[in-house]
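Each chain, letter by letter, is given below.
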Amino acid sequence: MHLAGQFVRRILQGVVVVLITTFLIFSILRIVPGDPVRLIVGGMAPDNLVEEIAQKMGLRDPIPVQFGRYLSQVVQGDLGNSYQRPKNGMMGQGGDFNANMDVEMAEVSDLILERLPYTLQLAGLALLISLIISFPLGISAGLKPKGFISKIAFFISSVFVSIPNFWLGIVLALFITIKLGLLPSIGYQNFAYTILPAIVLAVETCPFIIRTISVSFAEISQEYFIKSGKVRGLTRNGVIYRHTLRNASIPLLNLLGIQLSTLLGGVIVVEYIFDYPGLGQLTIYAVLQRDFPLIQGIAMVTSALYVGLNIAVDLITYSIDPRLES
Amino acid sequence: MSKKIKFSRRKFMKFMAKSGLGAAALTSAPMLNHNFLYNSAFAASGKPLIFAAAEALTGNWDPTTHTNLGQLIFESYVFGYLTRCPMKPENPTQLNFELATEATEIDKFTLEFKLRDGVTFHNGKPFGAEDVKATYEYGSQPDRPAQWYPGQVDVEVVDRLTVRIKTEKYGYPAGLFYYLSSFLPILSADDVANPNNAASRPNGTGAFKFVEQDGDNTIMEANENFFMGKPKIPRVQYNFVGDTATRTLGLLSGEYNVTERLEPEQVDTIVANGGFALNQAVSTENKYLWFRCSKPPFNDINMRKAVAHAIDREGLLDILGISGTYTGCHVSPVKFGYTDVEGFPEYNPDKCQEYLAKAGFPKGKGLPELEYITSVGFYPKTKEYGEYITALLNEQGIPVKLSVLELGAWGNKLYDREGGGPGHMIDCGWCTGSPEPDLVIRTHFHSSSKRITGIVDADIDAALDKERNAPSVGEREQILKTEVMPLLVDKMPSVPLFGSVFIHAMANDVKDLYIYPNGMMSAETASIG
């Protein structure tokens, strides 16, 4: 019962967070330079036409009024239509004059749903690679904090955290794709095109996971119930995997929740570099084109994902350690 | 108590293991292709021609609504033109007949085109004189945004395959359409009658038919009914790839066959890698520093000249490397009427100071901060040479703030508006697929158009009208070289910074793809492998 209460409370908190995030994005878009109407009708359109269309679209109303109108649409499940992308998938670009065009624009929800699976696939694979690298290193480093493996783990973490993702992306594409011909990486035709971008993202994520695992392992290894395990006749592996790992899982779980959410943001640069057709690439083009409804939709969906993931993590940690509920 | 909570630590670990595998299966299953385990990273032969383009398309297929170079390239695949002008350096004004078979100047105001028989549009409609009439009369309307036409035009249909371009009513010679005919795509008369059709899908007579949009990729397939025969390449993809480095990597890895707008250092990488051909040609594009001439301080010719004398164009060419070449007037060296104007204002700080004083701002004193707008992501080295120009102007006491904008925001601010366009100076090139100089100089400097500068100058109008109305091509060329170009240099509504050298890189197995000096392409006889 208590858990259900926590769940409802966290959901309500999450809704507030999503609303605040959406309002912030909504307001910032309307404050920064770059009139979307000018980009819709084109640079050659006269000012009076720009104003006329802006009025019609309600873009000159006060921001709270516009936000209220947007929310009333959203609660009906309508994220609106793109300002720049017609339904046929094409993207527009400013500099021309398209006021007379009568083309049906794509629905934001369709655009997001089309790209989201690619991004989830990329983020999921990146997380998997991170865990494969981080677990052995982190556990070994945590068990012997002053040992050689710990130094290696520290060195790898320091190197990984210092490498800019755009640089690593270009270098890996040049070396692995072009020089060695081992993996494709530019564009997307099948799952193989996800691997190199995922490695770049994993390199970003690994240092945090390695650090968290090694620190929690080092701390828990000092606990009395772990130290006494051997006396109780447990094997070393039994102590590590059945007791230390389980107790170290809570901080790790919290970190994974945050890292997965961070990955959803981190994909922006990586998808752009690799021409990967996910939500990150869509976000960049939407921002460049001042495609307000699309940016707002992406922001709302990603913040909802972020909140959802963290609620799930919280609930799972409550289940593992009921003391945390209080 | 423990019964109330469904999750135990053991259950959690089991659940995590199972759900992790499940999630992995769910997210990857729909897109998983087992071939990845043994596929080569390199694109296999037999794939379509994939062109990685630097510019997105506009979303409106009507060719009269835009000046977007990317879309001009797309149109060169899908639409037909009365003629094509390859603009090769050895013969820049040679015309090849396409939808027309013959052009005859009947008199000063009448140009007759004989049309090719047996051509059909992609929707099956036969091509004929009514399509040329509809296209030219529609495209020349003053409200059409592209404004490629020198003025309005009437077209007389003589018979099913003969048209006469008539300009007497509008007071300029019809001969101007000789070169323009290579740049104006022909629409179907039905689409002109229903402009929404023209806007919503492209329907031309070109070698490739529009198929669909797949995200940011535009897919075309070979037109089986093309009058020259079905092209060898089965499909062409126009892929918008915004990042130059990505375009280079994609080319090197075999994902794209052709790409454009490369930075000099990326060209070096491609050359060093081997296996690729470079198409390097002086283009129809000059890059300019455009002044907002309709508002202070650049409504004063002295200020414009002061800036022109503050810019070291040789220094710019050093920055540009292979991407730029010298230009001596307001049109590119491959345009009709080009000349190296004597007395072109070169870098001269003393002259700059002299003009600043004449403008009432000695050593720049009293000038407000001037905004110089440039873009990144499309033209090569804009930020680098923008910073250089800013430093040169600041050195002369001209207070300039450089605003480097991404392409969308820059396009937003590009054109003139009532009261003067945004900022005081803006960087832009102008690239058209014909040797016709009026596509640049009339578009930008005649008071009826004045796209970016907003200049209204009776002397320039008179000179432009005089060259347009010249009785013969020879006399027109003479007027352009001896009157119009020197006048534009004297009035300096924009500073021609350099001529662009277009660099396309393509895989060695792409054969016979012709790239025009404005980037448009002919792939009807091209092949891969």
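Throughout, a residue's number is its position along its own chain's written sequence, starting from 1. Chains and ligands are labelled sequentially in the order written, the chains with letters from A and the ligands with numbers from 1. Restriction of local features to residues with pLDDT of at least 70 applies here, the model being predicted, together with a cutoff of 80 or more for giving and counting side-chain atom pairs; totals for whole chains, interfaces and linings are based on all residues. No hydrogens and no water enter the side-chain calculation; it runs on all heavy atoms of the structure.

## Side note on helix H10 (residues 236-274) of chain A
Residue and element names in this part refer to chain A.
Inference 1: The end-to-end C-alpha distance of H10, which contains 39 residues, comes to just 44 Å, noticeably less than the 57 Å that a straight helix rising 1.5 Å per residue would cover.
Inference 2: One axis fitted to the seven residues ending at a residue, another fitted to the seven starting there: the angle between these axes is the bend at that residue. Numbering of helices and strands runs from the N terminus, with a helix taken as a DSSP run of H or I at least four residues long and a strand as a DSSP run of E at least two residues long. The largest bend in H10 is about 40°, located at Ser 249, with the proline Pro 251 one to four residues further on.
Inference 3: Count one or two residues on from H10 and you reach Asp 275, which has phi positive near 55°. Helix span, as expected, comes to 1.5 Å for every residue beyond the first.

## Remarks on the sheet that holds strand S6 (residues 154-159) of chain B
Residues and elements named next belong to chain B.
Inference 1: Strand pairing is assigned whenever DSSP detects at least two bridges linking the two strands. Strand order across the open sheet formed by 4 strands is S4-S5-S7-S6, with antiparallel pairing between neighbours. The sheet terminates laterally at strand S4 (100-107) and S6, the two strands that pair on one side only. Looking at each pair of strands side by side, their axes are set apart by 20° on average, direction ignored.
Inference 2: In this structure, strand S5 (residues 110-115) lies alongside strand S7 (residues 162-166), joined through 5 bridges in antiparallel fashion. Within S7, the residue paired with Leu 111 across the bridge is Ile 165. Axes here mean lines fitted to C-alpha atoms, for a helix over just the part in contact, with angles spanning 0 to 180 degrees between N-to-C directions.

## Describing the nonpolar core
Inference 1: To define a nonpolar core, start from buried Ala, Val, Leu, Ile, Met, Phe, Trp, Tyr and Cys residues and group those joined through side-chain atoms within 4.5 Å. Classification of residues uses two cut-offs on accessible area relative to the type maximum, computed with a 1.4 Å probe and protein chains only: under 20% is buried, over 50% is exposed, and between them is partly exposed. Ranked by size, the top nonpolar core spans 107 residues in total, and within it Leu 115, Tyr 136, Phe 177 and Met 425 of chain B carry the most contacts.
Inference 2: Tallying contributions element by element places helix H16 (residues 473-491) of chain B first for this core, with 7 residues.
Inference 3: When near neighbours in sequence (up to four residues on either side) are disregarded, Phe 177 of chain B contacts Leu 111, Phe 113, Tyr 136, Tyr 149, Pro 150, Val 153, Ile 165, Thr 167, Tyr 172 and Leu 184 of chain B.
Inference 4: In this structure, Val 203 and Phe 217 of chain A together with Ile 270 and Ile 503 of chain B belong to the second largest nonpolar core, which totals 95 residues. The contact criterion used throughout is that any non-hydrogen atoms of two residues lie within 4.5 Å.

## Thoughts on helix H12 (residues 382-395) of chain B
All names here are of chain B.
Inference 1: The end-to-end C-alpha distance of H12, which contains 14 residues, comes to 20 Å, matching closely the 20 Å that a straight helix rising 1.5 Å per residue would cover.
Inference 2: Along H12, the positions that sit buried rather than exposed are Thr 382, Tyr 385, Gly 386, Ile 389, Thr 390, Leu 392 and Leu 393. Along the axis of H12, the buried residues cluster in a sector spanning 160°; they form a single face.
Inference 3: The first or second residue beyond H12 is Gly 397, which carries a positive phi of 90°. Think of it as the arc spanned by the lines of direction from the helix axis to the C-beta atoms.

## Notes on the pattern of salt bridges
All names here are of chain B.
Inference 1: Any Lys or Arg side-chain nitrogen found within 4 Å of a carboxyl oxygen on Asp or Glu counts as a salt bridge. On inspection of all chains with the given rule, the structure shows 33 salt bridges over all chains.
Inference 2: A salt bridge links Arg 164 to Glu 112, with the nearest nitrogen and oxygen atoms 2.6 Å apart. Highlighted residues: Arg 164 in strand S7 and Glu 112 in strand S5, separated in sequence by 52 residues.
Inference 3: Of the residues examined, Glu 112 reaches a relative accessible area of 10% and is grouped as buried.
Inference 4: Where Lys 381 meets Glu 265, a salt bridge forms, and the shortest distance between an N and an O atom there is 3.1 Å. Separated by 116 residues along the polypeptide, Lys 381 in the loop between strand S14 (370-376) and H12 and Glu 265 in helix H8 (residues 264-273) bring together distant segments of the chain.
Inference 5: When its relative accessible area of 41% is taken as the criterion, Glu 265 is described as partly exposed.
Inference 6: Several salt bridges converge on common partners, so that one network encompasses Glu 436, Asp 438, Glu 467 and Arg 476.

## Some details on the packing of aromatic side chains
Residue and element names in this part refer to chain B.
Inference 1: For Phe, Tyr and Trp, rings pair up if their centres lie within 6.5 Å, where Trp contributes its six-membered ring, and each pair is then called stacked (planes under 30 degrees apart), edge-to-face (over 60) or tilted (otherwise). One pass over the structure, following the stated rule, counts 32 aromatic pairs over all chains.
Inference 2: Measuring from ring centre to ring centre gives 4.7 Å for Trp 61 and Phe 74, while their planes differ by 40°; the resulting arrangement is tilted. On the criterion of sequence distance, the pair formed by Trp 61 in the loop between strand S1 (49-53) and helix H2 (69-78) and Phe 74 in helix H2 is long-range, its members being 13 residues apart. Taken individually, Trp 61 and Phe 74 each receive the classification buried, so the pair is uniform in this respect.
Inference 3: With centroids separated by 5.4 Å and ring planes inclined at 90°, the aromatic side chains of Tyr 385 and Phe 498 adopt a geometry described as edge-to-face. Of the two residues, Tyr 385 is situated in helix H12 and Phe 498 in strand S17 (residues 494-507); the sequence distance between them amounts to 113 residues.
Inference 4: Given a relative accessible area of 0%, Tyr 385 falls into the buried group.

## Comments concerning the environment of Lys 363 of chain B
Residue and element names in this part refer to chain B.
Inference 1: Its place among the elements puts Lys 363 in the loop between helix H11 (349-358) and S14.
Inference 2: Residues Lys 363 and Val 271, 92 residues apart in the sequence, show an inter-C-alpha distance of 47 Å.
Inference 3: Beyond its immediate chain neighbours, meaning those up to four positions away, Lys 363 contacts Gln 353, Leu 356, Gln 396 and Gly 397.

## Topic: the domain arrangement of chain A
All names here are of chain A.
Inference 1: For the domains described, the bounds stem from an automatic or database domain assignment. For chain A, the assigned domains read domain 1 (2-110) and domain 2 (112-324).
Inference 2: Computed over C-alpha atoms only, the centres of domain 1 and domain 2 are separated by 32 Å.
Inference 3: If you look at the interface, domain 1 gives 34 residues, while domain 2 gives 28 residues.
Inference 4: What gets called buried area is simply the loss in accessible area from a 1.4 Å probe that two parts show on being joined, summed for both. A buried area of about 2700 Å², summed over both sides, lies between domain 1 and domain 2, and 68% of it is on carbon and sulfur atoms.
Inference 5: Run the count over domain 1 and domain 2 and you get 1 salt bridge.
Inference 6: Counting of polar contacts relies on pairs of N or O atoms within 3.5 Å, with two restrictions inside protein: one atom must be capable of donating a hydrogen and the other of accepting it, and residues adjacent in sequence are counted only when both atoms are side-chain atoms. Joining domain 1 to domain 2, the criterion identifies 10 residue pairs in polar contact (both at pLDDT 80 or more).
Inference 7: Elements with a minimum of two residues in the side of domain 1 that touches domain 2: helix H1 (2-31), helix H2 (36-41), helix H4 (63-74), strand S1 (81-86) and helix H5 (108-143).
Inference 8: Looking at which element gives the most residues to the side of domain 1 that touches domain 2, the answer is H1, with 14 residues.
Inference 9: Partitioned by chemical class, the residues of the side of domain 1 that touches domain 2 number 19 nonpolar, 11 polar and 4 charged. When residues are grouped by polarity, Ala, Val, Leu, Ile, Met, Phe, Trp, Tyr, Cys and Pro land in nonpolar, Asp, Glu, Lys and Arg in charged, and all others, Gly among them, in polar.

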